Every structure is written in structure tokens, then in C-alpha cells.
Amino acid sequence: MIGIFDSGLGGLSVLAAVARALPRAELCYLADTAHVPYGSKPDGFIQGRVLSIGRHLVDRGCRLLVVACNTATAAAVDELRRQHPGVPIVGIEPGIKPAAAASRSRKIAVLATESTARSERLARLIRDHAGAVDVTVTPCPGWATRVETLDLDGPAFAAEIAARIDPLLASGVDQLVLGCTHYSFLAPTLAPLVAGRAELVDVAAAVARQVVRLAGADSQGAGALALLATARPERLQAALPRLGLGWLATRIEHAAGLAQP
Ligand code: DGL
């Protein structure tokens, strides 16, 4: 079984990419909805949650873990790997490398949570992969919470998104990196704002390819999907159609359950 987790709904964008790539794999998705959002919380808190959830999923029989959260990866993936040396662990990091390679203006921007934006891991990623490309890191407080409440395109939020994006486009940014898995679900709102001026960079499919490479025998099974949440699990399944993921419901065998890592 492959375990995939996030603070909430955002990692469903990664789950969807993995489910598409591995139609027969047994998948378990855990949303830490009792503690979402992570992005405004201290590193120590995020690390504690990631380590508890990792232990919980391994104890449930997961033999490969996917940290479907940029914030959790930046804060805790190294320690998670240290605690589970025998378990392959795939993290997710903002797509700085593909964005820098594709940029013609040599200006890119990363949209991320406050925690990811200030992380040493992101700074290193930029040092290692952006070369001479100018990178603007833009924290987007509150955006993940908007996605949690399924306010993906309400007028007030759409205006807030435009206010954050417009100056980046005006400065010549031509690649906009979605550095938080929740923001994948804002792509339909972002796309018309950036059309013809910038491309959105989402690495969910690249993460899924890495999962395929590491899955081994775990790529084969009955294709069942279990959804778990640390609070209000019923909201997870109910959110799927609104997020464009209604098709995932066919893989769910049991109603979403409460987990308490
Ligand atoms: N989905 C998460 C990420 O990729 C974090 C959102 C949050 O909980 O703040 O960064």
C-alpha cells in the first residue's frame, strides 16, 4: 500500500496524479484536517505532525510514503527518512528547476506558504537550480485555507489572487511555480489571469512518475483507495467533485475514516 498525506485537501492533487499513473495500486490518503493549515505554524509543530503521521501510515502497512505537501517536505522530510530507513519516501518541492529552464524572461516566481517561503530548503533549491534566473518568493497566507473551505473562485478571493499575481507579471515573470499542493486547485482561477504572459508550473505529475519508479510490487493490487482524516473525514469525499476529482470516488470502498496519529 502507498501512503500519501498532506495537511488537508491539497495533497489530493498529488493523489490524483498517482492514482492516474497507478490504476491498480492500493492507496491510502491521510489529511491532517485537525491541524490544517501547516503553513502558518512553527517548524517544530509541523515536524511533530509529519513524524506521527508517517509512523501511523507505516503501522497501517504502507511501504512507500508520499509527503504530498511542500511545507511538510521542507520542514520534516529529512527526519522522516531518518526514522524510516527501510521505507522509500517521496517528497514534493516547488518546481524551481523546470521553471528556470523554461523561463525566457529569466524571471520566475514561487507561490508558497509562509513556512515554505522562509525555509532553508527552498533557499537551497533556488541556489542549486535557478542559476542566473531571478526568483521572487511570494508567500500567500490564507490561500490553503480558502481551498479547504472550497472557496476556489469567489469574487473577493479572485481579486486577492489577482492583486498578488499582477505585480509579478508586470515585473516580467513568465513562470509561476505552484509551491503548495493546495494551489493546484486554484489553477482554473489563475490560468485566465496569466494567459499569454506566464505559465503555471505544477510538479504533481513529476512526483507521480517518481512514485511509479519506486512502487515495485506496490503498483499492483485491487486499486482500492482509502481516505482518512484527523477531523471531519466525511468532508474529504464530499470535496472530490468540487475539486474536479469526482472520478476518484469509484476507487473508494469504504466511507472516509477518522485517523488519530
Ligand atoms: N499543501 C501544503 C503545501 O503543499 C500546505 C498547506 C498548509 O497546510 O498550509 O505546502
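Cut-off values and rules
- Residues numbered from 1 in each chain as written.
- Predicted model: local features only at pLDDT ≥ 70, side-chain atom pairs only at ≥ 80, totals over all residues.
- Heavy atoms only, no water.
- Near = heavy atom within 4 Å.
- Polar contact = N/O pair within 3.5 Å; in protein donor to acceptor, adjacent residues only side chain to side chain.
- Areas by Shrake-Rupley, 256 points an atom, 1.4 Å probe, with all protein chains shown as cover.
- 1 Å grid on protein atoms, 1.4 Å probe; cavity = no way out; pocket = protein on both sides within 12 Å on 5 of 7 lines; lining within 4 Å.
- Sits in = over half its atoms within 2 Å of the grid points.
- Nonpolar A, V, L, I, M, F, W, Y, C, P; charged D, E, K, R; others polar.
- Phe/Tyr/Trp six-rings, centres within 6.5 Å; stacked < 30°, edge-to-face > 60°.
- Helix = DSSP H or I, 4+ residues; strand = E, 2+ residues; numbered from the N terminus.
- Buried < 20%, exposed > 50% of the residue type's maximum accessible area, 1.4 Å probe, protein only.
- Axes fitted to C-alpha atoms, helices over the stretch in contact; angles between N-to-C directions.
- Parallel < 35°, antiparallel > 145°, perpendicular 65-115°, else oblique.
- Left-handed = near helix turned anticlockwise from the far one by under 90°.
- Contact = heavy atoms within 4.5 Å.
- Pairing = 2+ DSSP bridges.
- Right-handed = clockwise from strand over helix to strand, strands pointing away.
- Disulfide = S-S within 2.5 Å.

S.K.: I would appreciate a short explanation of the site of the ligand in the present structure.
M.R.: Lining the immediate surroundings of the ligand are 14 residues, of which Ser7, Tyr38, Gly39, Thr71 and His182 lie closest. One of the side-chain nitrogen or oxygen atoms of Asp6 is found 3.0 Å away from a nitrogen atom of the ligand. Against a free-state accessible area of 300 Å², the protein chains account for coverage of 99% of the ligand. A majority-of-atoms criterion places the ligand in the largest cavity. Taken together, the residues of the shell around the ligand break down into six nonpolar, seven polar and one charged.

S.K.: Would you take a moment to explain the packing of aromatic side chains for this structure?
M.R.: Working definition: an aromatic ring pair is given by the centre-to-centre distance plus the angle between the planes. In total, this model carries two aromatic pairs according to the counting rule given. Each ring, one from Trp143 and one from Phe157, has its centre 5.9 Å from the other, and the planes form 85°; the classification is edge-to-face. Of this pair, Trp143 sits in helix α7 (residues 143-148) while Phe157 sits in helix α8 (residues 155-170), placing them 14 residues apart in sequence. Its relative accessible area of 0% is what places Trp143 among the buried residues. Exposure remark for Phe157: the relative accessible area of 0% places this residue in the buried category. Considering the side-chain rings of Trp143 and Tyr183, the 5.4 Å spacing of their centres and the 65° angle between planes classify their relative orientation as edge-to-face. Residue Trp143 is found in helix α7, and its partner Tyr183 is found in the loop between β7 (175-178) and α9 (187-194); the two are separated by 40 residues along the sequence. Each residue in the set Trp143, Phe157 and Tyr183 is aromatic and connected to the rest through ring pairs, giving one cluster.

S.K.: Just to check I follow, could you spell out the packing of α8 against α9 for this structure?
M.R.: To characterise two packed helices, one gives the angle between the axes of the helices and the distance between these axes. Viewed as axis vectors pointing N to C, α8 and α9 meet at an angle of 45°, and their least axial separation amounts to 10 Å. Looking at the two axes, α8 sits oblique to α9. As for the relative orientation of α8 and α9, their crossing is right-handed in sense. The residues of α9 that touch α8, namely those facing Ala158, Ile161, Ala162, Ile165 and Leu169, are Thr189, Leu190, Leu193 and Val194.

S.K.: Please clarify how the side chain of Thr73 should be interpreted in this entry.
M.R.: Tracing the backbone shows Thr73 in helix α3 (residues 70-83). Beyond its immediate chain neighbours, meaning those up to four positions away, Thr73 contacts Val67, Gly91, Ile92, Glu93 and Arg121.

S.K.: Help me out: how do you make sense of the sheet that holds strand β5 (residues 107-112) in this one?
M.R.: Strands belonging to one sheet form pairs held by backbone hydrogen bonds; the direction of such a pair is parallel or antiparallel. Across the sheet, four strands lie side by side as β6-β5-β7-β8; this open sheet has parallel pairing. What marks the edges here is a single partner per strand, and that holds for β6 (134-139) and β8 (199-201). Strand after strand, the sheet turns through a mean of 25° between neighbouring axes, direction not considered. Sheet topology note: the β7/β8 ladder contains three bridges and is parallel. What sits directly across from Val177, in β8, is Val201. Set on the sheet, α9 makes contact with β7 and β8; between it and β8 the angle comes to about 145°.

S.K.: Is there a simple way to explain the packing of helix α2 (residues 43-59) against α3 in this structure?
M.R.: It is at 9 Å that the axes of α2 and α3 come closest, and there the two elements cross at 50°. As judged from the angle between their axes, α2 and α3 are oblique. The hand of the α2/α3 crossing is right-handed. Along its contact with α2, which presents Asp43, Ile46, Gln47, Val50, Leu51, Gly54 and Arg55, the element α3 presents Thr71, Ala72, Ala75, Ala76, Glu79, Leu80 and Gln83. Here the residues of the contact of α2 with α3 sort into seven nonpolar, four polar and three charged.

S.K.: Whenever I open this one, the pairing of β7 confuses me. Can you help?
M.R.: For a regular strand, the rule is simple: side chains alternate between the two faces of the sheet. Of the two faces of β7, both are covered, the one formed by Gln175 and Val177 as well as the one formed by Leu176 and Leu178. Each parallel crossover has a hand, and the one from β7 via α9 to β8 is right-handed.

S.K.: Looking at this structure, how should I read the pairing of β5?
M.R.: Along β5, five of the six residues are buried, which leaves the element largely enclosed by surrounding structure. As defined by bridge partners, β5 adjoins β7 across four bridges and the pair is classed as parallel. When the sheet's bridge partners are listed, Val110 is paired in β7 with Val177.

S.K.: Any chance you could explain the state of the cysteines here in plain terms?
M.R.: Covalent bonding between the sulfur atoms of two cysteines is what defines a disulfide. For the coordinates displayed, the defined rule picks out zero disulfides. Note on Cys62: no disulfide assigned, nearest cysteine sulfur contributed by Cys28 at a separation of 4.8 Å. Cys140 carries a free sulfur, and the closest cysteine sulfur to it, the one in Cys180, is 8.5 Å from it.

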